[in-house]
Amino acid sequence: MTKLTFCGAAGTVTGSCSHIESDHGNFVIDCGLFQGNKTTQSLNYGEFPFDASQAEFLILTHAHIDHSGLLPKLVKAGFKGTIYATPPTADLLEFMLRDSAYIQESNAERLNKKRRRKGQEEVEPIYTMPDAETALGLIEGVDYETWFTPKPGVKVRFWNAGHLLGSASAEVRIDDKASGKELSLLFSGDLGPEEKAFHPEPDAPAGHDYIICESTYGDRDRDDYTLEKRREAIKQELTRGLNRGGNVIIPAFAVERSQELLHDIGVLLNNNEIPDCDVYLDSPLARKATGVFIKYADQMQDIAMDEEQLFRHERFHIVQSVEESKAVNQIQKGAVIISASGMCNAGRIKHHLKANIYRKESTILFVGYQSPGTLGHIITGGAKQVRIHGTQFKVAAEIRRLGNYSAHADQGELLDWVVERGPIRGALFLNHGDDDARKVMREMLGNKGIDTSKIFTPSFDESFELTPGSQPISQGKPEPRIETTELETDWHNDYAVFMLDLSSKLDEVKDPKQRRALIARLATALKE
Ligand SMILES: [Zn+2]
């Protein structure tokens, strides 16, 4: 008997983690950090819904933190097995897990400073650097399309998922004792679009008992674009931004997005297609990740320049120290500054925003998804004022968005991937997507001729009994660990919006008497 439990990314897009109990022991597919508002993040502090010390090995689809970021916590909770991943994923994790441990330690330290002042009990970081080091020591690299046997009775192979350097779908075969048959599972991991720089489109064999497919963009179809069209779009944006007479600030994910941008901007500079500019990459993690991309450059495709020049144009400045970063803050015009985090909720990008967002000649160019509740989401939502490091800033810069750097397959591409992987003998599970995306994707797959009674949208912590060739049997929906309605926005988000509104309202009302009257009305409301 095999039991599959969806421990994360069910009805949401972060915290990917599936737990499998089989005739041949227990194991885990991905172990991601929950990202989003404070309520979502609180899940990272709770216990795993399974006994980590009983899990014998782990299959990791790719290095993104929402798939790998709780590996050190798993180790802290007693996991001692091997972590299987592709070699580029293993190399990226060297930097990403250490970076994440550093963030966990500093978050806890910052919080504890506040808590000590208030006389409250201190909190422990979710995990520490030694936990990350232990996790890194458990990783074993396995190439694409190569069967490996983590344990007799279970075999696995990775397929290119076209989403990120080293990203994979995982095909898992388990000997089912009761039926004497082999149970075939395919975990999509995150799937890339057809047109993606550096990687071929996703691949995996057809015909499985169960497919577990991501549905991030299950309800969204993008305009078709080619890599050339995308380069044309960034050319237009950079030209427009630089001609305004200020800097162009690009918040970007450190891994892959930053390298895609460097590649495209390098090509544009070589062809003299954009105004003269200096390009600064200011993210320690992006700098280290770039080294991994250079290492695997011979396996990447669509590279439109010499390999020696890749990510190393003479106008590129890879910023290292904090002092260098501060010096970049002083530049008034003519600079393109790429910095992380991509959603502006942490990292050096906040300093670059502080130095540029209030100036009307600046441009802030967003090239990635902005999760609700993050500073990037607030800025792209059209806020006139924002709070950064406790200080309020006027948004005078031009805010621009470019949607075609996505690392995710859109609706049409997801549907094609599923259809091409059929026939599905048992069921299709849609995870890694919000409920609207999953609902729409289910309907669309129905239109494509897939029996919708075989399509399941699992809830948080829901378990299913799996048998070769049969429909899965749900073991019931457990009490969710958090109120799932809070995933999109929670009271912390409401509070932040309210405080900004209050502050702008007080700015608007110039008369001190009227200001006092406004505060009195709010005070009365508080007493209700
Ligand atoms: Zn991903």
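Residues numbered from 1 in each chain as written. Predicted model: local features only at pLDDT ≥ 70, side-chain atom pairs only at ≥ 80, totals over all residues. Heavy atoms only, no water.

Peer 1: How do you make sense of the environment of glutamate 201 when you look at a structure like this?
Peer 2: Along the chain, the position of glutamate 201 falls in the loop between strand 10 (182-187) and strand 11 (208-214). Residue class for glutamate 201 comes out partly exposed when judged on its relative accessible area of 44%. In this structure the C-alpha to C-alpha distance between glutamate 201 and arginine 287, which are 86 residues apart in sequence, comes to 26 Å. Contact partners of glutamate 201, with chain neighbours within four places excluded, come to Asn160 and Glu194. (Helix = DSSP H or I, 4+ residues; strand = E, 2+ residues; numbered from the N terminus. Buried < 20%, exposed > 50% of the residue type's maximum accessible area, 1.4 Å probe, protein only. Contact = heavy atoms within 4.5 Å.)

Peer 1: Can you help me understand the pattern of salt bridges in this one?
Peer 2: Two side chains of opposite charge can pair, provided their charged atoms sit close to one another. Using the criterion set out here, one finds 34 salt bridges in the structure. With its nearest N and O atoms 3.4 Å apart, the salt bridge here joins arginine 222 to glutamate 413. Of this pair, arginine 222 sits in the loop between strand 11 and helix 6 (227-243) while glutamate 413 sits in helix 12 (residues 411-421), and the two are 191 residues apart along the sequence. Owing to a relative accessible area of 19%, arginine 222 belongs among the buried residues under this scheme. (Salt bridge = Lys/Arg side-chain N within 4 Å of Asp/Glu carboxyl O.)

Peer 1: What is the right way to look at the pairing of strand 1 (residues 2-6) in this model?
Peer 2: Side-chain direction in a regular strand flips from residue to residue, so the side chains alternate between the two faces of the sheet. Taken across its 5 residues, strand 1 has 4 buried, putting it largely inside the fold. Pairing between strand 1 and strand 22 (residues 463-466): 4 bridges, direction antiparallel. The residue of strand 22 that forms the bridge with threonine 2 is leucine 466. Across 4 bridges, the pairing between strand 1 and strand 2 (residues 18-22) is antiparallel. Its bridge partner lying in strand 2, lysine 3 is registered against glutamate 21. (Pairing = 2+ DSSP bridges.)

Peer 1: Would you mind showing me how to read the state of the cysteines here?
Peer 2: Two cysteines whose sulfur atoms are joined by a covalent bond form what is called a disulfide. In total, this model carries 0 disulfides according to the counting rule given. Looking at the unpaired cysteine 17, the closest cysteine sulfur is the one in cysteine 31, lying at 4.6 Å. Looking at cysteine 17, the relative accessible area reads 7%, which means it is buried. Just so you know, cysteine 213 is unpaired, no disulfide at all, and the nearest cysteine sulfur is the one on cysteine 17, 18 Å from it. (Disulfide = S-S within 2.5 Å.)

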